[in-house]
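Each chain is listed here by its residues.
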Amino acid sequence: MEVLKETDFNFKDQKSVYHGKVRDVYNIADKYMVMVATDRISAFDVVLPEGIPYKGQVLNQIAEFFLDSTSDIVPNWKLACPDPMVTVGLCCEPLKIEMIVRGYIAGSAWRDYKNGAREICGVKLPEGLKENQKLPEPILTPTTKADAGHDENISREEIIARGIVPEEIYEQVEKYALALFERGSKIAAEHGLILVDTKYEFGVLDGKVYLIDEIHTPDSSRYFYADGYEERLKNGEEQKQLSKEFVRQWLIANGFMGKEGQKVPEMTKEYCEEVSNRYIELYEHITGKKFEPVTSGGSLKERIHNNVDECLVHLA
């Protein structure tokens with residue numbers, strides 16, 4: 001199975017390209033963005049050496065599913081998905097914050113709470129919460145989008161006071177984020193899942209707010225299986241998660257946590273196929289659809305380039 005580990009496209013009117021950990025984003029004439037979901041996989045802020053077959057298709061198609069399922073709530077950047085691994089959309093000016101919505105206390109929020117914090121990003125939390133417990137209502141815990149280093153928690157008041165986002169726009173994205181989380185939670189429940197927490201990114205174009213990037217994928221969200229959730233919570237057991245956590249656990253078991261001097265364990269062809277199968281399982285659980293792998297008659301890169309070229313011609 002061919003994997004797409006890197007891209008070096010040169011599309012018509014291309015101005016720049018940004019290579020992220022997983023996605024490569026091409027700016028077309030400051031008008032369109034071409035986002036290619038590669039088969040790269042990262043953990044502990046490290047891009048692992050081997051690609052995972054169909055991972056890019058899985059992530060791109062989950063994002064497509066949720067962008068289409070929420071377009072009545074907020075306009076989004078997506079114009080077309082000309083290839084299973086590509087989304088083409090509007091070039092918006094990103095807001096310098098990420099809107100993180102939490103319906104349950106888990107992950108970093110739980111770690112802070114366990115260490116005594118009773119307020120996160122200006123939101124007060126009740127006493128007596130257990131790890132992974134449902135919150136009285138979903139909360140917003142925004143973070144800054146750092147150009148370098150780690151993102152930092154920030155309150156609504158500080159965002160507005162520092163002029164990071166104008167108050168009227170922040171109020172819009174606050175409402176959008178909570179409405180998106182409500183819709184995502186409803187869709188997850190229909191498929192036997194719990195949407196625990198997630199992040200949203202927004203941008204502005206011609207004074208109008210758009211939802212940008214991906215949403216509700218395993219890379220940007222945490223899901224629990226609903227079946228057995230209450231019993232595990234009652235017994236203080238770990239929840240069964242639908243995420244790429246299994247990759248992190250495999251790395252830890254093999255002595256790698258991204259620290260200096262540690263070596264990434266060998267990723268055999270068999271292991272990569274196992275990870276691929278788990279990602280396909282994620283897709284089918286989250287969307288409720290059967291995954292249909294798209295194989296190229298020729299080169300993956302050639303297929304993508306041709307499909308994007310044709311799309312850009314139609315958009316011009």
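Preceding this paragraph is the structure being described.
Rules used in this analysis
Residues numbered from 1 in each chain as written. Predicted model: local features only at pLDDT ≥ 70, side-chain atom pairs only at ≥ 80, totals over all residues. Heavy atoms only, no water. Buried < 20%, exposed > 50% of the residue type's maximum accessible area, 1.4 Å probe, protein only. Helix = DSSP H or I, 4+ residues; strand = E, 2+ residues; numbered from the N terminus. Phe/Tyr/Trp six-rings, centres within 6.5 Å; stacked < 30°, edge-to-face > 60°. Lys NZ or Arg CZ within 6 Å of the ring centre and 35° of its normal. Salt bridge = Lys/Arg side-chain N within 4 Å of Asp/Glu carboxyl O. 1 Å grid on protein atoms, 1.4 Å probe; cavity = no way out; pocket = protein on both sides within 12 Å on 5 of 7 lines; lining within 4 Å. Points joined across faces, edges and corners; volume = space filled by probe spheres on them. Nonpolar A, V, L, I, M, F, W, Y, C, P; charged D, E, K, R; others polar.

Draft legend 1. Up close: unusual backbone geometry. For D13, which is not glycine, the phi torsion reads 65° and is therefore positive. Among the residues examined, D13 registers a relative accessible area of 47% and is labelled partly exposed. At H216, a residue that is not glycine, the phi angle is positive and equals roughly 60°. Along the polypeptide, H216 turns up in the loop between strand 15 (208-212) and strand 16 (221-225). With relative accessibility at 0%, the residue H216 sits in the buried group.

Draft legend 2. Main features of the packing of aromatic side chains. A complete count under the given rule lists 11 aromatic pairs for this structure. Ring geometry for Y176 against F202: centres 6.3 Å apart, planes inclined by 25°, an arrangement best described as stacked. Taken together, the residues span a long stretch of sequence, with Y176 in helix 4 (residues 167-190) and F202 in strand 14 (residues 193-205) at a distance of 26 residues. Both residues of the pair, Y176 and F202, count as buried. Aromatic ring contacts, followed pair by pair, group F9, F11 and Y26 into a single cluster. Lying over the aromatic face of F246, R278 brings its terminal NZ or CZ to 4.1 Å of the ring centre.

Draft legend 3. Local environment of the pattern of salt bridges. This structure, assessed with the given rule, holds 23 salt bridges. In this structure, the salt-bridge partner of D68 is K78, at a minimum N-O distance of 2.7 Å. One end of the pair, D68, is in helix 1 (residues 55-69); the other, K78, is in strand 6 (residues 78-83), with 10 residues separating them in the sequence. The class of D68 is partly exposed, set by a relative accessible area of 43%.

Draft legend 4. Region of the structure containing the layout of surface pockets. The space that makes up the second largest pocket amounts to roughly 240 Å³. Contributing elements (two or more residues each) for the lining of the second largest pocket: strand 9 (97-104), strand 12 (134-140), helix 4 and strand 14. If you tally residues by element for the lining of the second largest pocket, the top one is helix 4, at 6 residues. For the lining of the second largest pocket, the per-class residue count stands at 11 nonpolar, 2 polar and 3 charged.

The analysis is restricted to geometry; functional conclusions fall outside its scope.
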